[in-house]
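# Residue-level structure breakdown
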Amino acid sequence: EGMALPQRIFPPEKICMDWQQRQRPGAGLCNLGSTCYINVILQCLTYTPPLANYLLSYEHSQSCQQQGFCMMCTMEAHVRKVLCSSASAILPGAVLRDLKFIGEEFEYGRQENAYEFLRCTLGAMHRACLSGRRDLDVSSQETTIVHQIFGGFMKSSVTCLSCQAVVDSYKAFLDVSLDIRAASSLTTVLEDCVTPKELDQKECFRCSKCKKKTAASQKVTVHRAPRVLMLCLERADQWTGTKISKFVEYPEYLDLRPYMSDPAGEPLLCSLYAIVVHSGDTCLEGHFFCYAKASNGLWYKMDDESVDDCDIHTVLGQQAYLLFYAR
């Protein structure tokens, strides 16, 4: 509705939101010095059920034509190694070796940001799905398996405060970054996001109906929810650069319906299945670890080589940085 139709859609692979096989958690990941930011993202993606199911099916590698580095093939091999290994910890060697192909800015041995690594990893996986298909229009590109799992659409509605004319636009997203400076809970942040805001005078809106620059308000809503919602609670204060260390409450089950373009429909429940935590006084140093729910339905704290069981109360009591919810 209102969005450009793709010329072709990548076959909507049988995306299964429930684990195909249930087992105890897989191996921990060795830290080779400042590689914890890589380990937490690899673990969170490994325990993302629809992605793991797809990668374990060999669907990608059986038809992959890519010469050289392919992030989808790399992830397929990694997930299989983690979940099927009898070792207590493994080395994510292929990922470390090809770091430059995942993101040019990453330098082996240097502490980097887990959120940036997540975005670059998904970007590399998306590009791998488009290998040899560069001539596709943008809306067709947004139908890869990566977008089918993690992708959603935001709707921006700008209302002219002079004549009430409304202009809608749509934008695809794979994750959502949230400003937590004034918030005490995830729901208050999301409520603030969908509250209409008057546009700054500097962002003057030219109304196509009034034919002049007028005051306007903007409302942003989730137009199409992703199957897997990834949220970043921004921990770096954009004005001072200091770390925001406060606790922001987040639920185990999140209803997305109040934040949708159509807030009146059925509840749209998402379940928390992984979080990333950053410990340290500043954003430039410290340590990343994560909590993830394994296919056996139990929660585990994953801190590099160690994988230890824990309960949901421990998970919900963290100073979370990244939150992963599945429909």
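The protein is annotated in an unreviewed UniProt entry as UBP42 hydrolase of Chloropsis cyanopogon.

## Some thoughts on the pairing of strand E4 (residues 166–173)
Across 8 bridges, strand E3 (residues 152–160) lies against E4 in antiparallel orientation. Residue pairing in the sheet places Ser157 in a bridge with Asp168 of E4. If you look at the hairpin formed by E3 and E4, you'll find 5 residues sitting between the two strands, and Gln164 has a positive phi there, around 70°.

## What about the packing of helix H4 (residues 71–84) against helix H7 (residues 114–129)?
Two quantities define a packed helix pair, namely the angle between the helix axes and the distance between the axes. At a closest axis distance of 7 Å, the pairing of H4 and H7 adopts a crossing angle of 115°. Taken together, the axes of H4 and H7 lie roughly perpendicular to each other. When H4 is examined against H7, the residues Met71, Met72 and Met75 are found in contact with a partner set consisting of Thr121, Ala124, Met125, Ala128 and Cys129. Its residues placed into classes, the contact of H4 with H7 shows 7 nonpolar, 1 polar and no charged.

## Quick notes on the sheet that holds E3
The strand order across the open sheet built from 4 strands is E4-E3-E9-E6, with neighbouring strands paired in antiparallel fashion. Two strands bound the open sheet, and with one partner strand each, they are E4 and strand E6 (197–198). As paired strands, E3 and strand E9 (residues 216–224) are joined by 8 bridges and run antiparallel to one another. What sits directly across from Lys155, in E9, is Thr221.

## A few points about the pattern of salt bridges
Counting across every chain of the model gives 7 salt bridges. Among the salt bridges present, the one from Arg119 reaches Asp175, with a minimum N-O distance of 3.4 Å. Highlighted residues: Arg119 in helix H7 and Asp175 in the loop between E4 and strand E5 (176–179), separated in sequence by 56 residues. Residue classification places Arg119 among the partly exposed residues on the basis of a relative accessible area of 42%. Judged by its relative accessible area of 14%, Asp175 falls in the buried class. Asp179 is paired through a salt bridge with Arg181; the nearest N and O atoms lie 2.6 Å apart. The class for Asp179 is partly exposed, based on a relative accessible area of 35%. Taking relative accessible area as the criterion, Arg181 reaches 33% and is therefore assigned partly exposed. Three or more residues joined by partner-sharing salt bridges are found here, namely Glu107, Arg110 and Glu112.

## Digging into the nonpolar core
Ranked by size, the top nonpolar core spans 63 residues in total, and within it Phe150 and Val276 carry the most contacts. Tallying contributions element by element places H7 first for this core, with 10 residues. Once residues within four sequence positions are removed from consideration, Val276 is found in contact with Val40, Ile41, Cys44, Ala114, Phe288, Phe289, Cys290, Ala320, Tyr321, Leu322 and Phe324. Of all hydrophobic cores here, the second largest spans 34 residues; its members include Ala183, Leu256, Met260 and Trp299.

## Digging into the side chain of His223
As for its position among the elements, His223 is in strand E9. For His223, a relative accessible area of 16% corresponds to the buried category. At 3.0 Å, the side chain of His223 and the side chain of Ser261 are in polar contact.

## Observations concerning the environment of Cys204
Summarising the element assignment, Cys204 is placed in the loop between E6 and strand E7 (205–207). For the pair Cys204 and Ala216, spaced 12 residues apart in sequence, the C-alpha to C-alpha distance is 7.9 Å.

## Some thoughts on the environment of Ser85
Along the polypeptide, Ser85 turns up in the loop between H4 and strand E2 (89–90). When residues no more than four places from it in sequence are discounted, the contact partners of Ser85 are Arg80 and Ile90. Within the structure, the side chain of Ser85 is placed 3.0 Å from the backbone nitrogen of Ala87, a separation counted as a polar contact.

Rules behind the numbers
- Residues numbered from 1 in each chain as written.
- Predicted model: local features only at pLDDT ≥ 70, side-chain atom pairs only at ≥ 80, totals over all residues.
- Heavy atoms only, no water.
- Pairing = 2+ DSSP bridges.
- Helix = DSSP H or I, 4+ residues; strand = E, 2+ residues; numbered from the N terminus.
- Axes fitted to C-alpha atoms, helices over the stretch in contact; angles between N-to-C directions.
- Parallel < 35°, antiparallel > 145°, perpendicular 65-115°, else oblique.
- Contact = heavy atoms within 4.5 Å.
- Nonpolar A, V, L, I, M, F, W, Y, C, P; charged D, E, K, R; others polar.
- Salt bridge = Lys/Arg side-chain N within 4 Å of Asp/Glu carboxyl O.
- Buried < 20%, exposed > 50% of the residue type's maximum accessible area, 1.4 Å probe, protein only.
- Core = buried A, V, L, I, M, F, W, Y, C linked by side-chain atoms within 4.5 Å.
- Polar contact = N/O pair within 3.5 Å; in protein donor to acceptor, adjacent residues only side chain to side chain.

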